[in-house]
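Chain and residue survey
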Amino acid sequence: MKNVHFRRDFPTRVWLTRTFLVIVFCWSTPLHHIGAAAPGMIEFQLGQDARRGIPIMDFSSELIVLGRDGQLHTLSGQAKESVRNLKSTYEPATTAEMRSRLQKEFGRNFEVLTTNHFLVVQPRGRGDRWPKMFEKSHRAFVSYMSRRGVKIRRGRFPMVAVVMPDSTAMYTELEKMNVDAKRVAGIYARESNRVITHDGGHQKLIAATLRHEAAHQSAYNYNVHSRVVITPRWVTEGIGQMFEPEAMVGGPSGLKPRDRANLDSMAQIRSRYDGGRSPEFVSAVRDLVGSNEMFNNPKTTADAYAVAWAMMFYLAERDPKHFAKVLAGTSSRGTYQPYDRFARLIDFERWVGSDIDQFAKQVAWFVQSL
């Protein structure tokens, strides 16, 4: 199982997932929502270490386990058969436990710093710049969502951010996670619930990537998205795109919508859709609502991210009531329930209160006004 968001050094991104299983888990979801009764803890082997967690999904060949630190583990073969049932009930790991485990995992060349919401792993001696950036991004995310009526609920685990010393070290870490990525500045991996980036290269690009990926992490940990629900990518990636601009977390410098706009996305819409005036813009909105195909096709990936940004930014800035409805609606759907094109179109028009073509025209007018 692999669910990864990552930002490339050029304006395209790729979604990696094993198609036979889409499993996401909202850390703030009460355990009794998963089944008739919360399952007891099990002990399982992860490499040389014995770990504990609760089973989330049991397939014939795989067992999905939620560890005490919030990570999802896929057990198969002998690992699945050798799990041991425990009588104890599930308890999340403490911050101190997670910090100790991270220190052991990354070794003495790294330090693990604690903030109010994060455990930040970074090379020793890098100061507090990274912890401050993650904390600032998260606080801005929560504030922005709360002001627009989105219901926030804190997760059960500290969020983990890993900063490698350079891109080479980051790619080595991604390889250990079985993530095949090239020319990326960072990722958010939902399976491990970690953001991973590096402390080298173009700092403005890395900072924008951090804000994008940190927004995903905040959304999945603070009940904006649900990790047991299939969420349309125009919603998740639209939010990631929204938080890339520095002004989104910069206080007074981002007071006006124009200041908070994603300039890369606006440039893509200008060049590809004549600023939204092209009839193809309406078609793109309809395609994004109905499926994720535009994200999966390399020829339309950049278009998908740009239009998704425009849709979510319009809702957040001009129609926050329906913005909150879209997020509440997508996060409260049935667990692992398939989401076909017809259902997505029906839900969308119910949540935004208008038909898709009219909505697309409103988005286009909004983008032109910026």
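Residues numbered from 1 in each chain as written. Predicted model: local features only at pLDDT ≥ 70, side-chain atom pairs only at ≥ 80, totals over all residues. Heavy atoms only, no water.

**Re the environment of Asn 109**
Put simply, the rule is: A run of H or I in DSSP becomes a helix once it reaches four residues, and a run of E becomes a strand once it reaches two; helices and strands are each numbered from the N terminus. Working rule for contacts: check all heavy atoms of both residues, and any pair within 4.5 Å makes them a contact.
Note that Asn 109 resides in the loop between helix 2 (95–106) and strand 8 (110–114). Considered as a pair, Asn 109 and Gln 122 are 13 residues apart in the sequence and their alpha carbons are 8.6 Å apart. Filtering out sequence-adjacent residues up to four positions away, Asn 109 remains in contact with Pro 123 and Arg 124.

**Observations regarding helix 11 (residues 301–318)**
Cut-off, in case you're wondering: Each residue after the first adds 1.5 Å to the expected span of a helix. Note on classification: 1.4 Å probe, protein chains only; a residue is buried when its accessible area is under 20% of the maximum for its type, exposed when over 50%, partly exposed between these limits.
Its 18 residues place the ends of helix 11 26 Å apart at the C-alpha level, agreeing with the 26 Å of an ideal helix rising 1.5 Å per residue. Among the 18 residues that make up helix 11, 17 are buried, leaving the element largely enclosed by the rest of the structure.

**Section: the packing of aromatic side chains**
Selection rule: For this analysis, a ring pair means two rings from Phe, Tyr or Trp (six-membered ring only for Trp) whose centres lie within 6.5 Å, classed as stacked if their planes differ by under 30 degrees, edge-to-face if by over 60, and tilted for the remaining angles. By definition, being over a ring means that NZ of Lys or CZ of Arg is both within 6 Å of the ring centre and within 35 degrees of the ring normal.
In this structure the tally under the stated criterion is 14 aromatic pairs. Where Phe 118 meets Phe 134, the ring centres are 5.5 Å apart and the plane angle is 45°; that geometry is what we call tilted. Taken together, the positions of Phe 118 in strand 9 (residues 118–123) and Phe 134 in helix 3 (residues 129–147) put the pair 16 residues apart, joining distant regions of the chain. Here the two residues Phe 118 and Phe 134 agree in accessibility, since each one is buried. Seen in terms of ring centroids, Tyr 144 and Phe 243 are 5.5 Å apart; in terms of plane orientation they differ by 80°. Their pairing is edge-to-face. Linking Tyr 144 in helix 3 with Phe 243 in the loop between helix 6 (233–242) and helix 7 (257–260), this pair joins segments that are 99 residues apart in sequence. Of the two residues, Tyr 144 and Phe 243, neither departs from the other in class, the shared state being buried. One aromatic cluster is present, built from ring pairs that chain together Trp 234, Trp 309, Phe 313, Tyr 314, Phe 348, Phe 359 and Phe 366. Between Arg 333 and the ring centre of Tyr 339, over which it is positioned, the NZ or CZ distance is 3.5 Å.

**With respect to the sheet that holds strand 3 (residues 42–46)**
Threshold: Any two strands are treated as partners once DSSP identifies two or more bridges connecting them.
The antiparallel open sheet is built from five strands, whose spatial order is 6-5-4-3-7. Each edge of the open sheet is held by one strand with a lone partner, namely strand 6 (72–76) and strand 7 (84–85). Note: strand 5 (residues 62–67) against strand 6, five bridges, orientation antiparallel. Opposite Glu 62, over in strand 6, you have Ser 76 as the bridge partner.

**A look at the pattern of salt bridges**
Let me state the cut-off plainly: By salt bridge we mean one thing: a side-chain nitrogen of Lys or Arg within 4 Å of a carboxyl oxygen of Asp or Glu.
Here the structure, examined in full by the defined rule, presents 19 salt bridges. One salt bridge in this structure joins Asp 58 and Lys 80, with 3.3 Å as the shortest N-O distance. On the criterion of sequence distance, the pair formed by Asp 58 in strand 4 (residues 49–58) and Lys 80 in helix 1 (residues 77–81) is long-range, its members being 22 residues apart. Across the pair Asp 287 and Arg 341 runs a salt bridge whose closest N-O atoms are separated by 3.9 Å.

**Some details on the confidence of the model for the protein chain**
Stated precisely, the cut-off is as follows: Every residue carries a pLDDT, the predictor's confidence in it, which falls somewhere between 0 and 100.
Residues at a pLDDT of 70 or more form 88% of the protein chain, whose mean pLDDT is 87. Across residues 6–36, confidence stays below pLDDT 50; counting only partners more than four residues off in sequence or on other chains, it has 112 contacts.

**Things to note about the pairing of strand 12 (residues 194–198)**
In terms of burial, strand 12 is largely enclosed, as five of its five residues are buried. Neither face of strand 12 is left uncovered, since the one carrying Arg 194, Ile 196 and His 198 and the one carrying Val 195 and Thr 197 both have all their residues buried. Of the pairings in the sheet, the one linking strand 10 (residues 159–164) to strand 12 comprises five bridges and is parallel in character. Opposite Met 164, over in strand 12, you have His 198 as the bridge partner. Bridge count between strand 11 (residues 184–189) and strand 12: four bridges; the pairing is antiparallel.

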